[in-house]
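Below, each chain spelled out in residue letters.
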Amino acid sequence: EDPKNLAWYVQAELVHCRFAMLGAAGILIPEAMTKAGILNVPVWFEAGATNFTFATPMSLFIAQLIMMGFAETRRYYDFVSPGS
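So, here's what we can say about the structure.

Conventions used here
- Residues numbered from 1 in each chain as written.
- Predicted model: local features only at pLDDT ≥ 70, side-chain atom pairs only at ≥ 80, totals over all residues.
- Heavy atoms only, no water.
- Phe/Tyr/Trp six-rings, centres within 6.5 Å; stacked < 30°, edge-to-face > 60°.
- Helix = DSSP H or I, 4+ residues; strand = E, 2+ residues; numbered from the N terminus.
- Buried < 20%, exposed > 50% of the residue type's maximum accessible area, 1.4 Å probe, protein only.
- Salt bridge = Lys/Arg side-chain N within 4 Å of Asp/Glu carboxyl O.
- Expected span 1.5 Å × (residues − 1).
- Patch = residues over 30% accessible without salt bridge, like charges linked within 9 Å, V, L, I, M, F, W, Y side chains within 5 Å.
- Areas by Shrake-Rupley, 256 points an atom, 1.4 Å probe, with all protein chains shown as cover.

**Describing the packing of aromatic side chains**
Taken as a whole, this structure holds four aromatic pairs when the rule is applied. Summarising the aromatic geometry, the rings of Trp8 and Tyr76 are spaced 5.9 Å apart at their centres and angled 80° between planes, so their arrangement reads as edge-to-face. One end of the pair, Trp8, is in helix H1 (residues 3–35); the other, Tyr76, is in helix H2 (residues 57–80), with 68 residues separating them in the sequence. Trp8 sits in the partly exposed class, given a relative accessible area of 27%. With a relative accessible area of 41%, Tyr76 lands in the partly exposed category. Measuring from ring centre to ring centre gives 5.0 Å for Trp8 and Phe79, while their planes differ by 70°; the resulting arrangement is edge-to-face. Linking Trp8 in helix H1 with Phe79 in helix H2, this pair joins segments that are 71 residues apart in sequence. Through successive ring pairs, a cluster of aromatic residues spans Trp8, Tyr76, Tyr77 and Phe79.

**Considerations on the pattern of salt bridges**
Counted according to the given criterion, the structure contains two salt bridges. For Lys35, the salt bridge is made with Glu31, and the minimal N-O distance between the two is 3.8 Å. Here Glu31 and Lys35 lie together in helix H1, a separation of four residues that amounts to about one turn. You can call Lys35 exposed: its relative accessible area is 70%.

**Digging into H1**
Taking 1.5 Å as the rise per residue, H1 with 33 residues should run 48 Å; its terminal C-alpha atoms sit 48 Å apart, in good agreement. Phi for Gly37, located one or two positions after H1, is positive at around 85°.

**Quick notes on a nonpolar patch on the surface**
Taken together, the side chains of Met58, Phe61, Ile62, Leu65 and Ile66 make up a nonpolar region of the molecular surface, amounting to roughly 520 Å² of accessible area. Along the chain, Ile62 turns up in helix H2. Note on Ile62: relative accessible area 42%, which makes it partly exposed.

In short, geometric facts, not functional conclusions.
In structure tokens, the structure reads:
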């Protein structure tokens, strides 16, 4: 393999691992806080069926695209030109 491609694959796996850790924290922390009486949120596997009163699903999707697009673009440019 090309060393440049290998470096990109390493960065991609690091990002995947970070998202997996955030996902696990997003499941475990709200569930523990609900059981402790601090929060009142549905369990993680029912959270997608919740009706949000503050935004429509399309506006949440667009906000997600904008924020993640910005973060991923910054990550790519920092990979291409470190310290940018």
